[in-house]
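Listed below, chain by chain, are the residues.
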Amino acid sequence: MLKWIMMMVLLLGVSGQVYAQGEAAGVEVWRSSYALEIKGEYEKAAAVLLPLMDEGSNQEYARMRYAWLHYMQGNFNDAIRGYKRVLKQNARSIDARLGVSLPLMAQGRWQEASRYVKQVLALSPLHYTAHLRLMVCEEALRHWADLEKHALSLGATYPSDTTFLVYLARAYAWQNKVEDAQATYWRVLARYPEHLEARKYIDGNESAALVQ
Amino acid sequence: MRSSMVFFMGVGLCFPAWASASEDWSSSAVLQSSYTLYADSDKRNSAVSAGVLMAADYLDGVGFSLAGNVLKLDMASGDPITQKSLFASGRYPYYADSLGGKLTFRLDAHSLDLSNDLLYQETVKSIAPSLAFLNYSKRFYVDMGYAYSMYDNNNLTVQQFSPTVGFSFNQDADWLQSRIYAVRPSSANLDQGVANTLALEMKWTHALAPNFGLERMFVSTLLGERVYAVDGDAAAVYSLSDVQQGGFSAGVQGAWFDGVKSTLLVGYDAYLNQSTNDAYTSQYVYLALSKSW
């Protein structure tokens, strides 16, 4: 009996060590990938992840990181395919939806990028990054009325945020709502006194007013 | 006798709401009209046209357009000539990362039916494929267009090669586009003795800072000679047997509320009928209203 228990303990110890060694080796792969990314060697950083993409507990994360590294190389189609593959595995992934929006935006596919970002907002209505990316898409599509409504709705949730105010000011400016645009850019300057765009718009419109 | 016809596509403000049911589709409708006055022409007085164009695109991907137009040409003597036109276009994009931009395959088809109340009858069919490249930053554009047109009345066919280059400058506030029209009719005998024509069209577009709703202004000029041209930008077939010998146009586009835009264009073209040595000019005004969803 004692021999049997000792054998079991030995076996568990060995398998535990093998597992720990496997996990340690996996961490080294990740470490190597991050180090290569920092150096800008995105292709190599992606290549070291290949063994992790089809098995293991970090398979989904490996696939997402692989797609991200394709995006960083400018391989936008490969990145889009990679993120969509992750979404097929995990339809609830917010990370994959935000991930796929970046290469889509890089290709100028604003409609499709908006679709994925709106899916994120359906899952997480106050997601900051998603709101920001949706505003980028609305601006690129020149949907000024939508951008105005969108930026206004976030005022209560993020009252100290400068970026949303800048988008609101732009929406006003492009709709020729000059007074509203000026008032909003003043609010931007209260948060960021050196903001170039706000200064330029206010100075430009003050000059125009003086000429008139 | 062939008539000088200018074909524009138009905007319909009555586009049904169901067509915009899905956010994945972006659609637009255009209602347009034009009036042309001829000066010093032995045969033509004026022309008026009106039409509708509808377009839809799915998620920055495939798209199609359909249009119809009617033009009436008032002749100096004889009955007016009526031209009814149909236009269809399909486009398919491919995002080419290795080239850093989008390739678009496009195929246009035109069908024109011209007649007056007497015996004059002409049908024109044209097919125009093109391949275009626009880089991701939308600062550089190039395309190669080809058009093959068939004029049934005299068994005349016309081939056209139209390469185009465009680029932005001045921090993307301006866009300059140049297009060559190299047109070759199948028979010079059927075309006033004109074997080939060569023309250069240049268009400059300037984005305006938001003011009084005006969005952009544009100026265009045509140098050289052009006959039987197929214009992909205007979705037009210039079913004209008289040689166009230059032209100039200028216009503005305004953006109003809820995706409604308007375009106003005025232009001047010079023509020569080589058979009768009839040199004349046309002045035209074009107005379009569009709505997009």
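Note: the structure precedes this text.
Here we summarise the structure given alongside this text. Everything numeric here is computed off the predicted structure, so don't read it as measured data.

**A short note on the overall build of chain B**
- Helix and strand content of chain B: 0 helices and 16 strands.
- A total of 293 residues make up chain B; the buried ones form 47% of that total.
- In chain B, once contacts between residues fewer than 6 apart in sequence are set aside, the share between residues at least 24 apart is 54%.
- Summed over its atoms, the accessible surface of chain B is roughly 13600 Å², and 62% of this surface lies on carbon and sulfur atoms.

**Things to note about unusual backbone geometry**
All names here are of chain B.
- Here the phi dihedral of aspartate 60 falls at roughly 55°; this positive angle occurs in a residue that is not glycine.
- Along the chain, aspartate 60 turns up in the loop between β2 (44-58) and β3 (63-75).
- If you check the backbone angles, asparagine 170 has positive phi at about 60° while not being a glycine.
- Tracing the backbone through its elements, the reader meets asparagine 170 in the loop between β8 (156-169) and β9 (174-185).

**So, a nonpolar patch on the surface**
All names here are of chain B.
- A cluster of nonpolar residues, Trp25, Tyr58, Val62, Phe64, Leu66, Tyr92, Tyr94, Phe105 and Leu131, forms a patch on the protein surface that exposes about 850 Å² of accessible area.
- Elements with a minimum of two residues in the nonpolar patch: β3 and β4 (81-96).
- By the element assignment, phenylalanine 64 lies in strand β3.

**Focus: the interface of chain A and chain B**
- Between chain A and chain B, the residue contacts involve 17 residues of the former and 16 residues of the latter.
- When chain A packs against chain B, close to 1400 Å² is buried across both sides, 45% of that on carbon and sulfur atoms.
- Counting the contacts that link chain A with chain B gives 2 salt bridges.
- Going through the elements one at a time, α4 (76-89), α6 (110-123) and α9 (162-174) of chain A are the ones with two or more residues in the side of chain A that touches chain B.
- Of the residues that constitute the side of chain A that touches chain B, the class distribution is 5 nonpolar, 7 polar and 5 charged.

**A word on the side chain of Ser93(A)**
Residues and elements named next belong to chain A.
- Within the secondary structure layout, serine 93 lies in the loop between α4 and α5 (94-106).
- Overall, the relative accessible area of 6% leaves serine 93 in the buried class.
- Polar contacts involving the side chain of serine 93 include one to the main-chain amide nitrogen of aspartate 95, which spans 3.5 Å.
- Look past the residues within four positions of serine 93 in its chain and what remains in contact with it is Glu60, Met64 and Leu87.

**A short note on the packing of aromatic side chains**
- Per the stated rule, a full pass over the model turns up 17 aromatic pairs over all chains.
- Within the aromatic cluster, the residues linked to one another by ring pairs are Trp68(A), Tyr71(A), Phe76(A) and Tyr136(B).
- Cation over ring: Arg109(A) sits above Tyr95(B), and NZ or CZ is 4.4 Å from the ring centre.
- Seen from the ring of Tyr116(A), Arg115(A) lies directly overhead, with NZ or CZ sitting 5.8 Å from the centre.

**As for the nonpolar core**
Residues and elements named next belong to chain B.
- Formed by 28 residues in total, the largest nonpolar core has its most connected members in Leu73, Val124, Tyr151, Val158, Tyr228 and Val237.
- Going through the elements one at a time, β3, β5 (101-115), β6 (121-135), β7 (140-151), β8, β9 and β13 (236-237) are the ones with two or more residues in this core.
- When residues of this core are assigned to their parent elements, the largest contribution, 3 residues, is made by β3.
- If we skip the residues at most four places from it in the chain, valine 124 touches His110, Ser111, Leu112, Leu114, Met150, Tyr151, Val237 and Ser239.

**A short note on α9(A)**
Residues and elements named next belong to chain A.
- Taking 1.5 Å of rise per residue, 13 residues should cover 18 Å, and α9 covers 19 Å from first to last C-alpha, within 8% of that figure.
- The element α9 is extensively covered by neighbouring structure, given that 10 of its 13 residues are classed as buried.
- Those residues of α9 lying buried are Thr162, Phe164, Leu165, Val166, Tyr167, Leu168, Ala169, Ala171, Tyr172 and Ala173.
- The opening residue of α9 is aspartate 161, an N-cap whose side-chain oxygen sits 3.1 Å from the backbone nitrogen of threonine 163.
- Directly after α9, the chain includes asparagine 176, whose backbone phi takes a positive value near 60°.

**Details of the packing of helix α3 (residues 59-72) of chain A against α4(A)**
Residues and elements named next belong to chain A.
- Between α3 and α4, whose axes approach to 7 Å, the crossing angle comes to 160°. Between α3 and α4, the angle falls in the class roughly antiparallel. Taken as a pair, α3 and α4 cross one another with a handedness that is left-handed. In this structure, α3 uses Gln59, Glu60, Arg63, Met64, Ala67, Trp68, His70 and Tyr71 to contact α4, whose residues at the interface are Phe76, Asp78, Ala79, Gly82, Tyr83, Arg85, Val86 and Gln89.
- Of the residues belonging to the contact of α3 with α4, the class tally is 8 nonpolar, 4 polar and 4 charged.

**A few points about the pattern of salt bridges**
All names here are of chain B.
- The full count for this structure, using the stated rule, is 22 salt bridges over all chains.
- Notably, a salt bridge pairs aspartate 242 with arginine 44, separated by 2.8 Å at the nearest N-O pair. Placement of the pair is aspartate 242 in the loop between β13 and β14 (243-255) and arginine 44 in strand β2, with a sequence separation of 198 residues.
- Given a relative accessible area of 0%, aspartate 242 falls into the buried group.
- Look at arginine 44 and you get buried, because its relative accessible area is 3%.
- A salt bridge links aspartate 233 to lysine 203, with the shortest nitrogen-to-oxygen separation between them at 3.1 Å. Residue aspartate 233 is found in the loop between β12 (230-231) and β13, and its partner lysine 203 is found in strand β10 (residues 197-211); the two are separated by 30 residues along the sequence.
- Assessed through its relative accessible area of 44%, aspartate 233 is described here as partly exposed.
- The exposure class assigned to lysine 203 is partly exposed, which follows from its relative accessible area of 22%.
- Via salt bridges that share partners, Asp143, Arg179, Lys203, Asp231 and Asp233 belong to a single interconnected network.

Cut-offs and rules
Residues numbered from 1 in each chain as written. Chains lettered and ligands numbered in written order. Predicted model: local features only at pLDDT ≥ 70, side-chain atom pairs only at ≥ 80, totals over all residues. Heavy atoms only, no water. Helix = DSSP H or I, 4+ residues; strand = E, 2+ residues; numbered from the N terminus. Buried < 20%, exposed > 50% of the residue type's maximum accessible area, 1.4 Å probe, protein only. Contact = heavy atoms within 4.5 Å. Areas by Shrake-Rupley, 256 points an atom, 1.4 Å probe, with all protein chains shown as cover. Patch = residues over 30% accessible without salt bridge, like charges linked within 9 Å, V, L, I, M, F, W, Y side chains within 5 Å. Salt bridge = Lys/Arg side-chain N within 4 Å of Asp/Glu carboxyl O. Buried area = accessible area lost by both parts, 1.4 Å probe. Nonpolar A, V, L, I, M, F, W, Y, C, P; charged D, E, K, R; others polar. Polar contact = N/O pair within 3.5 Å; in protein donor to acceptor, adjacent residues only side chain to side chain. Phe/Tyr/Trp six-rings, centres within 6.5 Å; stacked < 30°, edge-to-face > 60°. Lys NZ or Arg CZ within 6 Å of the ring centre and 35° of its normal. Core = buried A, V, L, I, M, F, W, Y, C linked by side-chain atoms within 4.5 Å. Expected span 1.5 Å × (residues − 1). Axes fitted to C-alpha atoms, helices over the stretch in contact; angles between N-to-C directions. Parallel < 35°, antiparallel > 145°, perpendicular 65-115°, else oblique. Left-handed = near helix turned anticlockwise from the far one by under 90°.

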